[in-house]
Amino acid sequence: MIRVLIADDQAMVRTGFGMIIGAQSDMEVVGEAADGVQAVELARRLRPDVVLLDIRMPRLDGLEALRLLAGPGVADPIRVVVVTTFDLDEYVHTALSNGACGFLLKDSGPALLVEAVRAAVSGDALISPSITVRLLEHLSSPAPARDDGGLSPRELDVVRLVARGLTNAEIATQLFIAVGTVKTHLASVQMKLRARNRVEIAAWAWERRLVG
């Protein structure tokens, strides 16, 4: 079973997410938190597979809670998917920097929420399609020309497609290679870039303007 912790200051949202998660045969809600402090405490104690974390919460905001659970320097990070009403660029940038495994808007719908949880568990990441390109483009900043991170041409091909939100299977189809080969390339990319997940790889690509 995929164990999920839901952290949101609105009871109706927690209930709604709980119903969506509970309706899945392989998922269960193991806890609910109404503020950031409680979210961190429960996550550390229960060690869920995924935390669904709101941003604006009492006592401790979700981005700071995310940093404590999955940010740089955390020895044993917990997978966190940020789910919020606000698609502000600064929120996405901070979430990606602090190790989020996904970024969803609350109106994305049940199917995308479930998909985001599964993606996080499998080591992938999902960002709401409606904001992926726009928000990642806004993350772009001047970077040295030809900054390829030491990646091979084929690895760069894979990275560009990851940055556009394609799954491993879709990348394999696009590049006419096996899914296993895509995974091998991604493992190499993560090691070279010291990226912990696909979201960090995508952010790296957009920041260096590798995606047109």
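**Q** Outline the overall build of the protein, supporting the account with residue identities and numerical values.
**A** The helix and strand inventory of the protein stands at ten helices and six strands. Within the protein, the fraction of its 212 residues that count as buried is 49%. In the protein, once contacts between residues fewer than 6 apart in sequence are set aside, the share between residues at least 24 apart is 66%. Looking at the protein as shown, the accessible area adds up to about 9900 Å², and 53% of this sits on carbon and sulfur atoms.

**Q** Can you break down helix H5 (residues 110-121) residue by residue, with the values?
**A** Taking 1.5 Å per residue, twelve residues should reach 16 Å; H5 reaches 17 Å between its end C-alpha atoms and fits that length. Within H5, the full set of buried residues consists of Leu112, Leu113, Val114, Ala116, Val117, Ala119 and Ala120. With its phi angle positive at about 90°, Gly123 sits one or two positions after the end of H5.

**Q** Describe the pairing of strand E2 (residues 27-33), listing the residues and the values that go with them.
**A** Of the strand pairs in this sheet, strand E1 (residues 2-7) and E2 are connected by six bridges, and their pairing is parallel. Across the sheet, residue Ile2 finds its bridge partner in E2, namely Met27. In this region the chain leaves E1, passes through helix H1 (residues 11-22) and returns to the parallel neighbour E2; the handedness of that crossover is right-handed.

**Q** For the pairing of strand E5 (residues 102-105), give the residues involved together with the corresponding values.
**A** Side chains Gly102 and Leu104 project from E5 onto one buried face, and the interleaved Phe103 and Leu105 project onto a second face that is buried too. One ladder, built from four bridges, connects strand E4 (residues 80-84) with E5; its direction is parallel. Counted as the bridge partner of Thr84 is Leu105 from E5. Alignment of E5 against strand E6 (residues 126-127), held across two bridges, turns out to be parallel. The residue of E6 that forms the bridge with Phe103 is Ile127.

**Q** Help me get a handle on the pattern of salt bridges, residues and values and all.
**A** Inspection of every chain in the model, using the stated rule, returns ten salt bridges. Look at the salt bridges and you will find they share partners, linking Asp8, Asp54 and Lys106 into a network.

**Q** Tell me about the environment of Gly36, and please be specific about residues and values.
**A** Position of Gly36 among the secondary structure elements: in helix H2 (residues 36-46). Sequence separation of Gly36 and Leu63 is 27 residues, and the distance between their C-alpha atoms is 8.9 Å.

**Q** So what's going on with unusual backbone geometry? Residues and values would help.
**A** Although it is not a glycine, Arg47 sits at a positive phi angle of roughly 50°. Even without being a glycine, Arg59 presents a positive backbone phi close to 65°. With respect to the element layout, Arg59 can be found in the loop between strand E3 (50-53) and helix H3 (62-70).

**Q** So what's going on with the confidence of the model for the protein? Residues and values would help.
**A** Here the protein averages 86 in pLDDT, while 90% of its residues score no lower than 70. Within the protein, E1 carries the highest mean pLDDT (97), whereas helix H6 (residues 132-139) carries the lowest (57).

**Q** Run through the sheet that holds E3, naming residues and quoting values.
**A** With parallel pairing, the six strands of this open sheet are ordered in space as E2-E1-E3-E4-E5-E6. Among the strands making up the open sheet, the edge pair consists of E2 and E6. Strand contacts of H1: E1, E2, E3 and E4, with the helix running at about 165° to E2, the strand carrying the most contacts.

**Q** Explain the side chain of His185 residue by residue, including any values.
**A** Among the structural elements, His185 can be located in helix H9 (residues 179-193). Those residues within four positions of His185 in sequence are excluded, and the remaining contacts are Arg154, Glu155, Val158 and Ile177.

**Q** Outline the nonpolar core, listing residues and values.
**A** Among the nonpolar cores identified, the biggest contains 30 residues, and Val51, Leu53, Leu66, Val82, Ala95 and Phe103 are the most heavily contacted of them. Listed by contribution, the elements that provide at least two residues to this core are E1, H2, E3, H3, E4, helix H4 (89-97), E5 and helix H10 (198-207). Ranked by the residues each element gives to this core, the list is headed by H3, at five residues. Setting aside chain neighbours within four positions, we find Leu66 in contact with Leu53, Gly71, Val80, Val82, Ala95, Asn98, Gly99 and Ala100. The next biggest cluster of nonpolar side chains, apart from the first, holds 23 residues, and it includes Val189, Leu193, Ile201 and Trp204.

Criteria and thresholds
Residues numbered from 1 in each chain as written. Predicted model: local features only at pLDDT ≥ 70, side-chain atom pairs only at ≥ 80, totals over all residues. Heavy atoms only, no water. Helix = DSSP H or I, 4+ residues; strand = E, 2+ residues; numbered from the N terminus. Buried < 20%, exposed > 50% of the residue type's maximum accessible area, 1.4 Å probe, protein only. Contact = heavy atoms within 4.5 Å. Areas by Shrake-Rupley, 256 points an atom, 1.4 Å probe, with all protein chains shown as cover. Expected span 1.5 Å × (residues − 1). Pairing = 2+ DSSP bridges. Right-handed = clockwise from strand over helix to strand, strands pointing away. Salt bridge = Lys/Arg side-chain N within 4 Å of Asp/Glu carboxyl O. pLDDT = per-residue confidence, 0-100. Axes fitted to C-alpha atoms, helices over the stretch in contact; angles between N-to-C directions. Core = buried A, V, L, I, M, F, W, Y, C linked by side-chain atoms within 4.5 Å.

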